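Below, each chain spelled out in residue letters.
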Amino acid sequence: MTSSNESAVDIAHVYRGTFVHSTDHTAVEILEDRLLGVDTEGKVYSICMEWSAYPCEGRRLVHFVVCSEFFMPGMVDTHIHASQYSYAGTALDLPLLQWLNTYTFPVEACYKDLEFARNVYTHVVKRTLRNGTTTACYFATIHTDASLLLGQIANDFGQRALVGKVCMDTNNFVPHYRETPEESHDETNRFISEMLKKKYPLVRPVVTPRFALSCSAALLGHLGEIAQNNHLHIQSHISETKEEVKLVKELFPDYDSYTDVYHKHNLLTDKTVMAHGCHLTDEELKLFREKGASVAHCPNSNISLCSGMLDARRVLNHKVKLGLGTDVAGGYSPSMLDAVRRTLDTSKALTIQDPQYQTLTFEEVFRLATLGGSQALSLDEHTGNFQVGKDFDALRVNPRGPKLLRSLGVVKSQVCSGSFFSPSLFPLPPSGDDRNIAEVYVAGKRVVPFVERP
Ligand SMILES: Nc1nc2[nH]cnc2c(=O)[nH]1
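Residues numbered from 1 in each chain as written. Predicted model: local features only at pLDDT ≥ 70, side-chain atom pairs only at ≥ 80, totals over all residues.

By the naming in an unreviewed UniProt entry, the protein chain goes by Guanine deaminase and is assigned to Salmo trutta. Quoted verbatim from the Function (unreviewed entry) field of UniProt, the annotation for the protein chain is "Catalyzes the hydrolytic deamination of guanine, producing xanthine and ammonia." Listed in UniProt under the heading Subunit (unreviewed entry), the comment for the protein chain reads: "Homodimer." (UniProt positions renumbered as here; feature names shortened; annotations may be inferred.)

Pasting the structure below:
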């Protein structure tokens, strides 16, 4: 039995059921038939096997829930463009840079219109929550007010989020969608101070240079300084395609590598998450490890745009923090279950190329989607698994959803038949979907099913 005795807050809920999560030592730990208490601050208070051993210690217990299904931690999307949700599915016929010029920049420019922004951002927050994304690291657009609105919507729906106002002062193809370095600097400061003033419990700003091809050295320098002065998270893209790597080399000839461009501008820290990284060299990964920066693996997008195949095993072998991202709309699915499947696909494709390749296991990918993601975003103090003291970010999974047994997928030498569900079955449905996610909790609060607001 484990419990936190530090605070004297009451126990809001005790859930009885099976809890499946990752720890630092085990990719998947299955805790069968346990009692998990959540205190009134939304934190896991205790996990134990028997009621008689439950450490109430004079605390009031408000609600007891018996669950025949199982709980897993909420999933962490380490890279998603909220502003690209409306055209997911377009990234199938063009390579990255042409796709950005054709679809992305013209549509992102529309977020000047706050009603347009409100509509899309409401849809994306609801859709990702319903699909089990309890934490999302969002790119918005260059528009400060619309980016603030995204923060407000995530807060209103109870999603944990990092929200970034995009910064870019270079755009030769769609020149009306860019800022001057001064505007970008001033608006980033305004965005951060307005976001921090709101005191949202679960939503924070993240400094967001789009990528080195869209930012002058002057702007990168400003942003590095802002992040450093405010101890903020940083997100960007890196080494997604070979063409991009080549252009960065031409634009920044005096730097050792693409990673060095960010590093020399103080943008590579232990709160940095860089999306893609398909073509990072070993030297660059060493620098990531040294600085504590992380990679967001976005396999759907990498394949859809034909950008490359990230060798996730190599990243893990370098002991670089790794999470998964949907990268909507480079990736066509906002579901983290899809990111799990695509991660397995990429790893298997690498194995087809080289039979000696050490394919990622399903259990490892489960960890990347949950605890790995929270570590990649440096939020693992608060979320990622059911460790006592962390926030209760959880999915109640109903494996008997509409797709029922077919959706169960990986079965660990157990049988599932009729109405009987063995909790020893490996639980995350590789071909399941949001219909298998019965409830979603963030920081102890049930956020799905949605409560309709007046
Ligand atoms: N996939 C993807 N890569 C980028 N690199 C710079 N901007 C983007 C973007 O919006 N999507």
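After that view of the structure, there is still more to cover.
Moving on: the packing of helix α3 (residues 144-157) against helix α4 (residues 181-198). Closest axis-to-axis distance for the α3/α4 pair is 10 Å, and the angle between their directions is 25°. By the angle class used here, α3 and α4 are roughly parallel. In terms of crossing hand, the pair formed by α3 and α4 is right-handed. Residues T144, S147, L148 and G151 of α3 pack against E187, R190, F191, E194 and M195 of α4. Taken together, the residues of the contact of α3 with α4 break down into 3 nonpolar, 3 polar and 3 charged. (Axes fitted to C-alpha atoms, helices over the stretch in contact; angles between N-to-C directions. Helix = DSSP H or I, 4+ residues; strand = E, 2+ residues; numbered from the N terminus. Parallel < 35°, antiparallel > 145°, perpendicular 65-115°, else oblique. Left-handed = near helix turned anticlockwise from the far one by under 90°. Contact = placed C-beta atoms within 7 Å. Nonpolar A, V, L, I, M, F, W, Y, C, P; charged D, E, K, R; others polar.)

Here we come to the confidence of the model for the protein chain. Per-residue confidence for the protein chain averages 90 on the pLDDT scale, and 90% of its residues sit at or above 70. A low-confidence stretch, residues 403-427 stays under pLDDT 50, and its non-local contacts, those more than four residues away or across chains, total 46 contacts. (pLDDT = per-residue confidence, 0-100.)

As a further point, take the site of the ligand. H81, L96, L100, T104, R210, F211, H237, E240, S301, D327 and G330 make up every residue found near the ligand. Broken down by element, the residue count for the shell around the ligand peaks at 3 residues, all from helix α1 (residues 96-108). In the shell around the ligand, the residues fall into 3 nonpolar, 5 polar and 3 charged. (Near = placed C-beta within 6 Å.)

Our next topic: helix α5 (residues 217-230). With 14 residues, α5 should reach 20 Å at 1.5 Å per residue; the first-to-last C-alpha distance of 20 Å fits that figure. Those residues of α5 not exposed but buried are L219, L220, H222, L223, G224, I226 and A227. At its buried positions, α5 is contacted by β9 (166-167), α4, β10 (203-209) and β11 (233-238). (Expected span 1.5 Å × (residues − 1). Buried ≥ 20, exposed ≤ 12 C-beta atoms within 10 Å, placed from the backbone.)

Another aspect to go through is the pairing of strand β3 (residues 29-39). Here strand β2 (residues 11-21) runs beside β3; their pairing, made up of 9 bridges, is antiparallel. Bridging across to β3, G17 finds its partner in R34. Here β3 pairs with strand β4 (residues 44-48) via 4 bridges, running antiparallel. When the sheet's bridge partners are listed, G37 is paired in β4 with S46. What sits between β3 and β4 in their antiparallel hairpin is a turn of 4 residues, with G42 showing a positive phi close to 85°. (Pairing = 2+ DSSP bridges.)

With that settled, consider the domain arrangement of the protein chain. Partitioning the protein chain into structural domains gives domain 1 (2-73 + 384-448) and domain 2 (75-376). Spacing between the C-alpha centres of domain 1 and domain 2 amounts to 30 Å. With 23 residues of domain 1 at the contact, the number on the domain 2 side is 26 residues. Sorting the residues of the side of domain 1 that touches domain 2 by element identifies β16 (437-442) and β17 (445-448) as the ones contributing at least two each. Residue composition of the side of domain 1 that touches domain 2, by class: 14 nonpolar, 5 polar and 4 charged. (Domains from an automatic or database assignment.)

Here the residue pair V328 and A329 is connected by a cis peptide bond, since its omega of 10° sits within 30 degrees of zero. Between V448 and P449 the backbone carries a cis peptide bond, its omega angle lying at 0°. For P449, the location among the structural elements is in the segment after β17. The phi dihedral of D33 is positive, around 45°, even though this residue is not glycine. Relative to the helices and strands, D33 resides in strand β3. A positive phi angle, near 50°, is found at A443, a position not held by glycine. Residue position: A443 is located in the loop between β16 and β17. Judged by the 21 C-beta atoms lying within 10 Å of it, A443 is buried.

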